[in-house]
Amino acid sequence: MRFLILSCNTGEGHNSAARAIKEYFEKMGEVCEIKDALSFWSPEKSRIICKGHVFLYRNIPKLFGIGYRFEENHPPKDGRESIIYELMKNGCKSLLKMLRTSDYDAVICTHLFSAMMMTELRKNYNYITPTYFIATDYTCYPCTNESNVDGYFIPHGQLTDEFIKGGIPKERLIPSGIPVNSAFYDKILPENAKYKLHLPVDKKIVLLMCGSMGCGPIKALTEELPIMLPEDTHLVVICGNNRKLYDKLTKNGHRSNVSVVGYTTRVTLYMDAASLILTKAGGLSSTEAAVKGLPMIFVDAVPGCETKNLDFFKSNGFADTISDEYDLSRLVCSYLRNDDKLKLMSSRLKTSFDFCASDNIYNYILKDIKNGKI
């Protein structure tokens, strides 16, 4: 069978989920393609939106919170369509042209924008190929009810009521989990991971990273946290694609209990080496750490849906956080000095995330198609 996965270049998480789905479906013998839904509007506009997203994320994150709260508090009235839905219509004709020259058995959307575009094709262009949406954050986004697809894969069963209140029919909700790369389901012993990464084998490793963009107060934490860390601990800072951050952290050197890493493809190995991760509450990065059973302390770096992620993880004992940056460093140290707290959080994560989301999604969609339900 052939599947189209529609993502959007508005954050690496959506693309990561798309790649995880593609990886698993192809392992099962299916054919998959990933396309950027915004490119059907215009490849140039997609690049501009992507660059703007990265700029705001790194430099003015509070704008995300303002925009998110506005959408939450001002839903469309009287059956009118939101501004976002109206904008998504722009790429629908180009998308439809491509779809009609292809023979896909189903379309899988890893971003609400692409789900809206598929909804418009269903509503006004009579395109009826089975379509599914994968939520990549632990919340029901504003305007999700403006989409109309055959199934909604959500991160956790505890979110079912929230999605129902958000206007999604219960019978279309599937608590599947968020798909992550298969490498995160593999795990090697911490000492072996440390050896491979040339990290001190006799020390606990704290991982500090804030997504591929390297946003949030990483610089301040890198300066403060090493001073407070227990002697048996080493800090690894991963800057991702943020070259400026990497240059700032390495320009004048750093303390001996710190390693600074730029872009790396070995995040799974660093997680295996770590006793604790200090990170922002991205839907994908949180799930990757959760699948590893890696205890988390959250930096509240980007308001909006990530605040919802933070609330979900903290309320379930899957992570911890505190608002003040100085107290954040103290909180990290308190966990490092208490192995029982680390083990308890790790146990909760392993118990609650002991499934493969990609497998759940694959089996559900194939059952729908083979049973002729759609």
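Residues numbered from 1 in each chain as written. Predicted model: local features only at pLDDT ≥ 70, side-chain atom pairs only at ≥ 80, totals over all residues. Heavy atoms only, no water.

A. Highlighting the overall build of the protein. The number of helices and strands found in the protein is 16 helices and 12 strands. A globule of 374 residues ought to have a C-alpha radius of gyration of about 21 Å, and the protein, at 21 Å, matches this closely. Taken over the C-alpha atoms alone, the protein extends approximately 65 × 40 × 35 Å along its principal axes. Split into buried and exposed, the 374 residues of the protein put 53% on the buried side. Of all intrachain contacts in the protein linking residues separated by at least 6 positions in sequence, the fraction that spans at least 24 positions is 68%. Accessible area of the protein: about 17,100 Å², with a carbon and sulfur share of 50%. (Helix = DSSP H or I, 4+ residues; strand = E, 2+ residues; numbered from the N terminus. Rg over C-alpha atoms; globule rule 2.2 N^0.38 Å. Buried < 20%, exposed > 50% of the residue type's maximum accessible area, 1.4 Å probe, protein only. Contact = heavy atoms within 4.5 Å. Areas by Shrake-Rupley, 256 points an atom, 1.4 Å probe, with all protein chains shown as cover.)

B. Local environment of the packing of aromatic side chains. All told, the structure shown has 16 aromatic pairs when counted by the stated rule. With a centroid separation of 5.0 Å and 85 degrees between ring planes, the pair formed by Phe-3 and Phe-25 is classed as edge-to-face. On the criterion of sequence distance, the pair formed by Phe-3 in strand 1 (residues 2-7) and Phe-25 in helix 1 (residues 12-27) is long-range, its members being 22 residues apart. As far as burial versus exposure is concerned, Phe-3 and Phe-25 are alike and both buried. Between Phe-312 and Phe-318, the aromatic rings sit 6.2 Å apart at their centres with planes inclined by 55 degrees, giving tilted as the arrangement. Taken individually, Phe-312 and Phe-318 each receive the classification buried, so the pair is uniform in this respect. A network of ring pairs unites the aromatic residues Tyr-138, Phe-298, Phe-312, Phe-313, Phe-318, Phe-353 and Phe-355 as a single cluster. (Phe/Tyr/Trp six-rings, centres within 6.5 Å; stacked < 30°, edge-to-face > 60°.)

C. Representation of the sheet that holds strand 6 (residues 173-175) in the model. Here we have 6 strands laid out as an open sheet, ordered 2-1-3-4-5-6, and parallel in their pairing. Strands with a single pairing partner mark the edges of an open sheet, and in this sheet they are strand 2 (31-36) and strand 6. Across the sheet, the mean angle from the axis of one strand to that of its neighbour is 25 degrees, orientation sign disregarded. Contacts from helix 1 reach strand 1, strand 2, strand 3 (106-109) and strand 4 (131-134), with the element oriented near 170 degrees to strand 1. (Pairing = 2+ DSSP bridges. Axes fitted to C-alpha atoms, helices over the stretch in contact; angles between N-to-C directions.)

D. Spatial organisation of the packing of helix 9 (residues 218-228) against helix 14 (residues 325-336). The contact between helix 9 and helix 14 brings their axes to 10 Å, and the two run at 45 degrees. By the angle between their directions, the pair helix 9 and helix 14 is classed as oblique. Note on packing geometry: the crossing formed by helix 9 with helix 14 is right-handed. Between helix 9 and helix 14, the contacting residues are Ala-220, Leu-221, Glu-224, Leu-225 and Met-228 on the first element and Glu-325, Tyr-326, Leu-328, Ser-329, Arg-330, Val-332 and Cys-333 on the second. Here the contact of helix 9 with helix 14 is composed, by residue class, of 8 nonpolar, 1 polar and 3 charged. (Parallel < 35°, antiparallel > 145°, perpendicular 65-115°, else oblique. Left-handed = near helix turned anticlockwise from the far one by under 90°. Nonpolar A, V, L, I, M, F, W, Y, C, P; charged D, E, K, R; others polar.)

E. The state of the cysteines, seen in detail. Per the stated rule, a full pass over the model turns up 0 disulfides. Here Cys-109 stays unpaired: no disulfide links it, and the sulfur of Cys-8, its closest cysteine neighbor, is 8.5 Å away. (Disulfide = S-S within 2.5 Å.)

F. Up close: the nonpolar core. Residues Leu-99 and Phe-313 are the most contacted members of the largest nonpolar core, which totals 98 residues. Leu-99 has contacts with Leu-4, Tyr-104, Val-107, Met-118, Leu-121 and Tyr-127, leaving out every residue within four places of it along the chain. Counting residues in each nonpolar core, the second largest holds 17 residues, with Ile-21, Tyr-24, Phe-25 and Ile-361 among its members. (Core = buried A, V, L, I, M, F, W, Y, C linked by side-chain atoms within 4.5 Å.)

G. Summary view of the environment of Ile-21. The residue Ile-21 is located in helix 1 in this model. For Ile-21, a relative accessible area of 0% translates into the label buried. Residue contacts for Ile-21: discarding those within four places in its chain leaves Ile-5, Ile-108, Ile-134, Pro-179, Ser-358 and Ile-361.

H. Focus on the environment of Asp-202. The residue Asp-202 is located in the loop between helix 8 (190-196) and strand 7 (204-209) in this model. Residue classification places Asp-202 among the exposed positions, given a relative accessible area of 67%.

I. Geometry of the packing of helix 9 against helix 10 (residues 243-251). Running from amino to carboxyl end, helix 9 crosses helix 10 at an angle of 25 degrees, the nearest separation of the two axes being 10 Å. On the basis of the axis angle, helix 9 is roughly parallel to helix 10. Note that helix 9 runs across helix 10; the crossing there is right-handed. Where helix 9 abuts helix 10, its residues Ile-218, Lys-219 and Thr-222 lie against Leu-245, Lys-248 and Leu-249. A class-by-class count of the residues in the contact of helix 9 with helix 10 yields 3 nonpolar, 1 polar and 2 charged.

Keep in mind these numbers describe shape, not what the thing actually does.
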